[in-house]
Amino acid sequence: MELLFNTQELIDRIYVFLTNLCLDYDIPFWVLTVVIMAVVAGIVAGFVAVNTMMLVLAERKVAAHMQDRLGPMRVGFHGILQTVADAIKLVLKENLMPKAADRVMFFLAPIIVFAPAMMAYVILPWSPGIIVKDLNLGVLYLLAVGSIGIIGIIMAGWSSGNKYSLLGGMRSAAQVVSYEVAMVLSILGVIMIAGSLKMGDIVESQKNIWYICFQPLGFLLYLMAATAECNRAPFDIPEAESELVAGFHTEYGGIKFAMFFLAEYANIFVVSAVCTTLFLGGWQGIPGLPIILPPILWFLIKTYAIVFIFMWFRWTYPRVRVDQLMTFGWKFLVPLGFINILITGLVMVIK
Amino acid sequence: MPETQEMIINMGPQHPSTHGVLRLVLNLDGEIITKVTPDIGYLHRGIEKLAEDMTYAQFLPVTDRLDYLAAVSNNLAYCLAVEKLLGLEVPKRASYIRVILTELNRIASHLVWIGTHALDIGAYTPFLYAFREREAILDIYELFCGARFTTSCFRIGGLPQDIPAGFVEKVEKFVKIFPKKVDEYEALLTKNEIWLRRTQFVGIISAEDGINYSLSGPSLRGSGVKWDIRKAEPYCVYDELEFDIPTGRGVGDVYDRYLVRMEEMRQSCKIVKQAIAKIPGGDFIANAAKIVPPPKERVLTDIEALIHHFKLVVEGFKPPKKEVYACIEAPKGELGFYIVSDGSNKPYRLKIRPPSFANLQSIYKMIEGGMMVADVVAIIGSLDIVLGEIDR
Amino acid sequence: MRQNIIISIIELIRGLAVTCWHLFVPSVTLQYPRQRWTVANRYRGLERLLLNEEGKERCVGCCLCARICPSRAIKIVTGEGEDYNKEVISFEIDIARCLFCGLCVEACPKNALTMTGEYELACYNRAGMIYTKEGLYKSPEVTKYKK
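Bear in mind the structure is a predicted one, so any value in this text is a computation, not a measurement. (Residues numbered from 1 in each chain as written. Chains lettered and ligands numbered in written order. Predicted model: local features only at pLDDT ≥ 70, side-chain atom pairs only at ≥ 80, totals over all residues. Heavy atoms only, no water.)

So, the interface of chain A and chain B
So, point 1. Across the boundary between the two partners, chain A contributes 26 residues, which contact 35 residues of chain B.
So, point 2. Contact between chain A and chain B buries roughly 2,600 Å² in total, counting both sides, with carbon and sulfur atoms accounting for 59%.
So, point 3. Here chain A and chain B share 3 salt bridges between them.
So, point 4. Among the salt bridges present, the one from Arg171(A) reaches Glu31(B), with a minimum N-O distance of 2.4 Å.
So, point 5. Connecting chain A to chain B are 11 residue pairs in polar contact (both at pLDDT 80 or more).
So, point 6. Elements with a minimum of two residues in the side of chain A that touches chain B: helix H8 (163-194), helix H12 (241-244) and helix H15 (322-350) of chain A.
So, point 7. A total of 5 residues in the side of chain A that touches chain B trace back to one element, the largest contributor, which is H8(A).
So, point 8. Grouping the constituent residues of the side of chain A that touches chain B by class yields 11 nonpolar, 4 polar and 11 charged. (Contact = heavy atoms within 4.5 Å. Buried area = accessible area lost by both parts, 1.4 Å probe. Salt bridge = Lys/Arg side-chain N within 4 Å of Asp/Glu carboxyl O. Polar contact = N/O pair within 3.5 Å; in protein donor to acceptor, adjacent residues only side chain to side chain. Helix = DSSP H or I, 4+ residues; strand = E, 2+ residues; numbered from the N terminus. Nonpolar A, V, L, I, M, F, W, Y, C, P; charged D, E, K, R; others polar.)

As structure tokens, this is what we get:
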């Protein structure tokens, strides 16, 4: 039980135990490394899959209750197994390929969208010590990986051979390029204060006060940019179903569609987790209060709260138009981001 | 400079937001529309031709299928046209109940409109809220005539049956809670910045153009023209009821049409409130032996009534040789029936003037000035078309 | 005509408040196969033929219902019975064509035809959509669902 609070020690003990095991039985160390890599990858993949199913269910339930409905109720108690059933159905579906599609690209697109979404999990700090790899360039890595997914979306849009998909892909490209800038600017303030790009360090430095107190504007900017970044309503113009049918994934079905879906929700979790890490103190409890919950729970609670905000936006607001999205990004978010950095810099200099 | 080319995109007939089976051929320059060509006829069922092979009473259920969201209004327009042809006087009680039901129908139709229009623009939640209230209206219809959607709830000369017990209470209850629900939709949309940006100055049509394109109903009132058939040529008992004609803020854009319809729902609510308090006693159907079949109890006992009943069912009535046009203010605009009678028991020709059909053609005008794909969706939504009556 | 930015922000928050409030409003949906909706007395569902007090068929085969039906869904064959009376040999309603407008019920001079509250009329083939005399005299079976 205590180890749950002191996860650093837990990890150390496991590592020591495994190293001793290797030494005792004369197993070469590379085997250990490979095994650890495989296990960690398995855990991450498993988490992504299970978490996505939960998020999809949560989304449907939140939407339903906001709209005076009940949502899925038939599979399992209050429909908790609904997404499992849906996932099985999607996986078992026939694999269709439109005649006009570019076969290779059409096949690759979902993978290219899905892989970066998974890759971003590498730098999420769950709890002290529990982080797949605390990279020195953590935040930068995140931004870099986050923009790879867009290539997959453009590929999907182009290779489907459908004009709606093409429009969706193009919109998506424009959107992500613009909002990447706003996102970087909103994060910069935090990085300036923390003085590090390393996720672990950023969390550690929020021991006394969360950065949301120094960076309220940055937090809001990040929320908006992140909503656009993962194509969520009100910025969901790449898939805008009332305009473009389903946008870039109009022609996808079965397991390929499931991968897009998985990637979308995996992304939502990532941006929420990053938001937690950068602005809400990551796995730290509320400063000044006794630690009641283990750090990992703190992290999850905060992250799901942010996820809930994203869902809340989606079920409340209409969709913006594509040109307004650009205007909003370049003429509103980016200047505000600069102002935010300017103020942060000034305050730091004066101090 | 490489040569560029416009992209032609088929919007519909299978598309989530063309409200049925409308097909629009869009010429796109990037996202901006240079030309739009509506293509209609995917829901053509030959209703006008069907009428020529049916007696006047038989055709009534078919009118439900015109504007299926406003079946009651269609019934009323058809009944009024035939009654005008026959010169038949409808009892006051029937007229009042007709007004209540058609005004509720206007609310129901507008509720579907606000739901789908918001959905087109990307707001999901008002859709479900609107349908929640619509359900209450459909319950009232079910109570009155037994059907929720394709009501066929009037007969030539009046109503098929009197209002049942509990009807008045149910309507009163609805009228009482409904304005609060409208406030709720408005809280989600009316002043929402995103909604404003999506609807203001989109799809503008001036009052003059609106008249020239024969727009009618809320779409015309959105351009600032105070034209409402309920006031201009009152039918039923609208001249005895008080209500206002909302006209929006006079720009003629999507937002104006939105404001007009929102206010119309409140006005309809007001009309229902007055009418329900004023329902007079008396017959629910005209006492005209050659037109209206005798009541069932008499048919069962009286041989003369039985003969009459047989004659009216088998042959129907024979109106005089005449041509009439009767129109009402349907939820979507002016709905008119033009009937040519050759003195036989079936119409020689029946022409329907559906509001959506006339309203749709103004899309050419509204699309001018660099509208985008997303705007087309908003414009179609704001016109509130129903393909059932466009294609007939 | 753009509105003040402060008003915009307040209005955006008001929208959020409405949806959040509805999280706590009880749902209005009906869990259909498990919960059932009681139809109004006048509900126009599946047609049904009635018997008179003596347990004999009320229908005399006058064909008024078939005449008035706008979609011609009713088919009646009459013939001569054993005691030289007119007899209804077959009475079929094609539910797939039926508009459920209720004109046939109004037209019936013998009160032999009525409409029930039965609305679950789906079946696996078109033949199942044609209700014959036997089916129309029986009270329609209520569909039962497991669970």
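The discussion continues.
Some details on the interface of chain B and chain C
Interfaces are often described in size by the accessible area the parts lose on coming together.
So, point 1. Facing 48 residues of chain B, the contacting portion of chain C comprises 36 residues.
So, point 2. Taking both sides of the interface into account, the surface hidden between chain B and chain C amounts to around 3,600 Å²; carbon and sulfur atoms contribute 55%.
So, point 3. Joining chain B to chain C, the criterion identifies 2 salt bridges.
So, point 4. Here Glu106(C) makes a salt bridge to Arg155(B), at a shortest N to O gap of 2.6 Å.
So, point 5. Our count for the contact surface shared by chain B and chain C stands at 19 residue pairs in polar contact (both at pLDDT 80 or more).

Let's talk about the pairing of strand S3 (residues 32-39) of chain B
All names here are of chain B.
So, point 1. Strand direction decides the pairing type here: strand S2 (residues 23-29) and S3, joined by 7 bridges, are antiparallel. Paired with Asp29 across the two strands is Ile32, which belongs to S3.
So, point 2. The hairpin formed by S2 and S3 contains 2 residues between the paired strands, and Gly30 there has a positive phi angle of roughly 70°. (Pairing = 2+ DSSP bridges.)

A short note on the side chain of Thr102(B)
Residues and elements named next belong to chain B.
So, point 1. With respect to the helices, strands and loops of the structure, Thr102 is situated in helix H4 (residues 92-121).
So, point 2. Taking relative accessible area as the criterion, Thr102 reaches 3% and is therefore assigned buried.
So, point 3. Here the side chain of Thr102 touches Arg98 through a polar contact of 2.6 Å, landing on its backbone oxygen.
So, point 4. Look past the residues within four positions of Thr102 in its chain and what remains in contact with it is Val72, Ser73, Leu76, Phe154 and Tyr238. (Buried < 20%, exposed > 50% of the residue type's maximum accessible area, 1.4 Å probe, protein only.)

Remarks on the pattern of salt bridges
So, point 1. Applying the stated criterion across every chain yields a total of 44 salt bridges over all chains.
So, point 2. The closest approach of N and O atoms between Asp323(A) and Arg321(A), which form a salt bridge, is 2.8 Å.
So, point 3. Given a relative accessible area of 27%, Asp323(A) falls into the partly exposed group.
So, point 4. Two residues, Arg148(B) and Asp139(B), come together in a salt bridge whose shortest N-O distance is 2.7 Å.

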